[in-house]
Amino acid sequence: MTPPPSPPSLSVRRLAYAYPDGTQALFGVDLTIGRGERVALLGPNGAGKTTLVMHLNGILTAGHGTVEVAGLPVGKDTLGEIRRRVGLVFQDPDDQLFMPTVREDVAFGPANLGVRGAELEHRVREALERVGLPDVADRPPHHLSFGQRRRVAVATVLAMRPEILVLDEPSSNLDPASRRELAEVLRSLDVTVLMVTHDLPYALELCERSLILSGGVIAADGPTREILADDALLAAHRLELPYGFAVADRPS
Amino acid sequence: MGAGHHHQLYRPGDTVVHRLPPQCKLPAVAAFAVVVVATPRDAFWAFGVYALLLAGVAAAARVPARFVLRRMVVEVPFVVFALALPVIGLGARVEVLGVSLSVEGLWAAWNILAKATLGVVASILLAATTEPRMMLLGARRLRLPQTLVQIAMFMLRYMDVILDEMRRMRVARESRGFAARDVRQLPVLAKSAGALFIRSYERGERVHLAMLSRGYNGSMPIIDDVGASAASWAVAAVLPVAALATAALSWSLS
Amino acid sequence: MHVPDGFFNAAVSIAAGAFAAAGLGVCLRRARRELDDRTAPMAGLVAAFIFAVQMLNFPVAAGTSGHLLGGTLAAVLVGPYTAVLCVAVVLLVQGFFFADGGLTALGVNITLMAIVTAAVGWFVFRLVVRLAPRARAAIPVAAFLGAVVSVPAAALVFTVLFWIGGTAPIDISSVALAMGGVHVLIGLGEGLITALTVSSVLAVRPDLVYGARGLTAPLVLRTAGGDTFVAPEPPPAPARSIRPLLVGGAVVAVLLAGVVSFYASSSPDGLEKVAGDKGLNAQERGHALGGSPLADYGVKGVGDERLAVGVAGVAGVGITVLAGGAVFYTVRRRARQPAKAGA
């Protein structure tokens, strides 16, 4: 990895965290994601993926260590700007789409930033166009298909013009067509993407680079193709490719 | 109570009634209901005028009678109650078809049926011509407490989601041979209710996180707004003013 | 259970509306303390939950079934103030979107089904929890008793309102008997399902049960000198538990005083008769005068000013509160007698 010239989109240093009940979930996470990269964060259930994600926009506050987004450290006084820079897409789009119409939902984020009027309209239209759904603005979210709802959820954070897009299990519950459509949308975006998933083929399809989070630390960091070809590494962290799936050009 | 499909309550259209700003329609309907309730029950003709007024609104909004009648089933429990009044009522009695009925009871039954029916029809027309979210916008324009309007907004948004969860739980129960026959099955139903509460509560927490993630700082931004011209107010006032004139006449006559 | 338009006369409808508005105002402020900036989404989701469980029919006895009102359940699960807001929003949505419950009866419906059930249910619940030797184990029992009492309590308030301004000619004592009898049965069903639901939540996520806050088991400290117990972090003190009842009671008194004083000022003997004969004679007297005196009174006595207010809509509510409050202080003594007789 050559270090990027400008500050990286995301830089996490020695991040440790324990829940109030004493359970420690993160044990010193170190990772850097350069501007424009698309990175997959892989890991078994209970590895601390969601806990890590909650630190990226300051919903949880680090017990130890730092998180920086494009050079800005996450802290109490920077929360507003941090939440603009980090766009979090939740696993269940119904949690994310809480307003009566798609348009109001997409506008919610930028409106909280003080954007109003024509500029707000423009942002909404632009975000919906980027996810390929320019015509759904006036529909209520619950009238959309599940795949459409997930793309609208992506639009709600794109409207905030984030530095980095963080997706939690983006492919879960999608039918094959919706899965492909979402992949096309993600590939067309010019923002940094961190994708939290255990859908290994999807990671391979979309991300050059992958990290494995296991036991609260980063256990592996490298090109997705190489990581997925390492059977021993995958097995050690309870990750499995689907039956019959083989990574091409496997180095032997 | 009409299932969870609140979108079926609304009949999309582009009529003068549909186009009226919600902040004009809401007080108009509420005022109409107050005037109806304040009308003396022996002014039969006044209730006829009210019914004609509502029929006029329905015609202008192109809401078919069939739609209104079907939705009027919510009234049924009180029709039953009202019909019982002449039988159990006190005071002087008359013989009708061999049944001894209370005169006061008959009056009371008429009073409740007439006023409740007019109120229900007015509400049905309001819901049929106003999108739920417009209703919320109108409530906000009318300066109803912000928090209350927002609670209603979240409730309307997640009503179907939660009813769906409840339906899935029922299917899961019934596909394992469960049927609620008597009190002994209550614990099973209560477990479902408990699970439903936990899911609702946890979803509430996740929604709150999703809001925080997009810069929510305790107050909802005003994204959409609808203005109301003096003309809109005047149009909306036709219904309650006509009703008030009718009522005023009935008071002076009684 | 949802009262439609035309059931109560205009005076009671408007006064109950004022009471409901005042109660909601108090709850809005207090709920912010229970939930801070999470109020809107959390209460919204809980309201949707209440709406859903109200559709859950449960068998009461052979052939009949009831459904939950949910006031006490909500109070125990999320706190009394939030509970009132949730149930009130459910009623508002049912009134405006489903035409279920009259718009002019919204005040009565919110008073009965949101404020009275939540306040009474929560009061009884706290009382039992406090008196019980083992508070934690007592929670389902307390929830049961709270819910059992809350339903006939709402029925009782309904009867009192009906006695003041009902439009149907039924003997007040038979209304009280019928309402009371039926609602004790309904209350038992409500109590059972409330208790079972609370205990099922308690088994899985005890931290979510508002009424169980501060009742977690003590922590054990193992030291050389043996085990010592320490209380976990002090509870966020639900000690103001009687407040909703006090506030509620005060406003009910204002409401009663406000409405009753209308009659008191214009026809004091009529009031005495109502108090003395439990409303039976008042109806007949009214009948003799031609038409319901109460319904008429709502029009003539209250006058054009009040009607104008009604037309102006929501604004009238505030004026009624002020008027009712002012009247309350002047006719306090007189108001107490009929209120007692009604209960």
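Residues numbered from 1 in each chain as written. Chains lettered and ligands numbered in written order. Predicted model: local features only at pLDDT ≥ 70, side-chain atom pairs only at ≥ 80, totals over all residues. Heavy atoms only, no water.

### What about the overall build of chain C?
Broken down by element type, chain C carries 14 helices and 4 strands. Sorting the 343 residues of chain C into buried and exposed places 57% on the buried side. (Helix = DSSP H or I, 4+ residues; strand = E, 2+ residues; numbered from the N terminus. Buried < 20%, exposed > 50% of the residue type's maximum accessible area, 1.4 Å probe, protein only.)

### Comments concerning the confidence of the model for chain C
Residue and element names in this part refer to chain C. Per-chain confidence: chain C averages 67 in pLDDT, with 59% of residues scoring 70 or above. Scored below 50 in pLDDT, residues 232-242 shows 18 contacts in the model against residues more than four places distant or in partner chains. Contacts from residues 253-343, a stretch scored under 50 in pLDDT, to residues over four places away or in other chains number 104 contacts. Interface confidence for the predicted complex, given as ipTM, is 0.89, next to a pTM of 0.78. (pLDDT = per-residue confidence, 0-100. Contact = heavy atoms within 4.5 Å.)

### Points about the side chain of Arg-209 of chain A
Summarising the element assignment, Arg-209 of chain A is placed in strand S9 (residues 209-214). Polar side-chain contacts of Arg-209 of chain A include one of 3.0 Å to the side chain of Asp-221 of chain A. (Polar contact = N/O pair within 3.5 Å; in protein donor to acceptor, adjacent residues only side chain to side chain.)

### Concerning the interface of chain B and chain A
For interface size, the figure often reported is the accessible area lost on association. Contact residues are listed per partner, giving 26 residues for chain B and 32 residues for chain A. Taken together, the two surfaces of chain B and chain A that pack against each other cover about 2,600 Å², and 58% of this comes from carbon and sulfur. By the criterion of area lost to chain A, the three top residues of chain B are Arg-157, Arg-214 and Ile-223 of chain B, representing 33% of everything that side buries. Seen at the junction of chain B and chain A, the total is 6 salt bridges. Between Asp-95 of chain A and Arg-203 of chain B there is a salt bridge, with the nearest N and O atoms lying 2.7 Å from each other. Among the elements of the structure, helix H8 (146-174) and helix H9 (186-213) of chain B are those that each provide at least two residues to the side of chain B that touches chain A. Ranked by residue count, the leading element in the side of chain B that touches chain A is H9 of chain B, at 8 residues. The residue inventory of the side of chain B that touches chain A, partitioned by class, reads 14 nonpolar, 5 polar and 7 charged. (Buried area = accessible area lost by both parts, 1.4 Å probe. Salt bridge = Lys/Arg side-chain N within 4 Å of Asp/Glu carboxyl O. Nonpolar A, V, L, I, M, F, W, Y, C, P; charged D, E, K, R; others polar.)

### Thoughts on helix H5 (residues 76-88) of chain B
Residue and element names in this part refer to chain B. Its 13 residues place the ends of H5 19 Å apart at the C-alpha level, agreeing with the 18 Å of an ideal helix rising 1.5 Å per residue. For H5, the set of buried residues is Phe-78, Ala-82, Leu-85 and Pro-86. Along the axis of H5, the buried positions cluster into a sector of 95°, meaning they face one direction only. Seen from the buried face of H5, the exposed residues on the opposite side, beyond 90 degrees, are Val-80 and Leu-83. At its buried positions, H5 is contacted by strand S1 (93-96), strand S2 (99-102) and helix H6 (103-129). (Expected span 1.5 Å × (residues − 1). Arc of directions from axis to C-beta.)

### Quick word on the pattern of salt bridges
One pass over the full model with this rule turns up 30 salt bridges over all chains. One salt bridge connects Asp-95 of chain A with Arg-206 of chain B, and the closest N-O pair in it is separated by 2.3 Å. With Asp-95 of chain A in helix H3 (residues 93-96) and Arg-206 of chain B in helix H9, this pair bridges two chains. Asp-95 of chain A gets classed as buried once you look at its relative accessible area, which sits at 1%. Its salt-bridge partner being Glu-205 of chain A, residue Arg-187 of chain A comes within 3.3 Å of it at the nearest N-O pair. Of the two residues, Arg-187 of chain A sits in helix H7 (residues 176-188) while Glu-205 of chain A sits in helix H8 (residues 200-206), which places them 18 residues apart along the sequence. Residue classification places Arg-187 of chain A among the partly exposed residues on the basis of a relative accessible area of 39%.

### Focus: the domain arrangement of chain B
Its domain assignment divides chain B into domain 1 (16-138 + 227-253) and domain 2 (144-213). The straight-line distance from the C-alpha centre of domain 1 of chain B to that of domain 2 of chain B is 34 Å. (Domains from an automatic or database assignment.)

### Quick word on empty space enclosed by the protein
Residue and element names in this part refer to chain B. This structure, assessed with the given rule, holds 8 cavities of 30 Å³ or more. Volume-wise, the largest cavity comes out at about 210 Å³. Elements supplying a minimum of two residues to the lining of the largest cavity: helix H7 (132-141) and H8. Looking at side-chain class alone, the lining of the largest cavity contains 10 nonpolar, 2 polar and 4 charged residues. Taken domain by domain, the makeup of the lining of the largest cavity includes at least three residues from each of domain 1 (16-138 + 227-253) and domain 2 (144-213). (1 Å grid on protein atoms, 1.4 Å probe; cavity = no way out; pocket = protein on both sides within 12 Å on 5 of 7 lines; lining within 4 Å. Points joined across faces, edges and corners; volume = space filled by probe spheres on them.)

### Topic: the sheet that holds S9 of chain A
Residues and elements named next belong to chain A. The strand order across the open sheet built from 6 strands is S6-S7-S8-S3-S9-S10, with neighbouring strands paired in mixed fashion. Lying at the two open borders of the sheet, with one neighbouring strand each, are strand S6 (86-89) and strand S10 (217-223). Between one strand and the next, the sheet's axes are offset by a mean angle of 20°, whatever the strand orientation. Bridge count between strand S3 (residues 38-42) and strand S8 (residues 192-197): 5 bridges; the pairing is parallel. Paired with Leu-42 across the strands is Thr-197, a residue of S8. (Pairing = 2+ DSSP bridges. Axes fitted to C-alpha atoms, helices over the stretch in contact; angles between N-to-C directions.)

### Some thoughts on the nonpolar core
Core analysis: the biggest nonpolar cluster contains 243 residues, and Leu-10 and Leu-165 of chain A together with Tyr-50 and Phe-197 of chain B have the highest contact counts within it. The element contributing the most residues to this core is H8 of chain B, with 15 residues. Counting residues domain by domain, this core receives three or more from each of domain 1 (16-138 + 227-253) and domain 2 (144-213) of chain B. Filtering out sequence-adjacent residues up to four positions away, Leu-10 of chain A remains in contact with Leu-31, Thr-32, Ile-33, Leu-56, Val-67, Glu-68, Val-69, Ile-164 and Leu-194 of chain A. (Core = buried A, V, L, I, M, F, W, Y, C linked by side-chain atoms within 4.5 Å.)

### Looking at the UniProt feature "transmembrane region" (unreviewed entry) in chain C
Residues and elements named next belong to chain C. When the UniProt feature table is mapped onto this chain, "transmembrane region" (unreviewed entry) is found at residues 6-28, 40-62, 68-93, 105-125, 137-164, 245-264 and 307-331. Across residues 6-28, helical content stands at 83% and strand content at 0%; the span's end C-alpha atoms are separated by 29 Å. Structurally, residues 137-164 is divided into 100% helix and 0% strand, and its ends, taken at the C-alpha atoms, are 42 Å apart. (UniProt positions renumbered as here; feature names shortened; annotations may be inferred.)

### Focus on the side chain of Thr-82 of chain C
Tracing the backbone shows Thr-82 of chain C in helix H4 (residues 80-98). Setting aside residues no more than four positions away along its own chain, Thr-82 of chain C makes contact with Ala-31, Glu-34, Leu-35 and Ala-43 of chain C.

### Brief notes about the UniProt feature "transmembrane region" (unreviewed entry) in chain B
Taken from the UniProt record, the annotation "transmembrane region" (unreviewed entry) applies to residues 43-61, 73-92, 112-130 and 230-253 of chain B. The straight-line gap between the two end C-alpha atoms of residues 73-92 of chain B is 32 Å; of that span, 65% is helix and 0% is strand.

### A look at the packing of helix H5 (residues 106-131) of chain C against helix H6 (residues 135-165) of chain C
All names here are of chain C. It is the contact of H5 with H6, at a shortest axis distance of 6 Å, that shows an interaxial angle of 145°. Judged by the sense of rotation from one axis to the other, the crossing of H5 with H6 is right-handed. Its residues assigned to classes, the contact of H5 with H6 comprises 19 nonpolar, 4 polar and no charged. (Left-handed = near helix turned anticlockwise from the far one by under 90°.)

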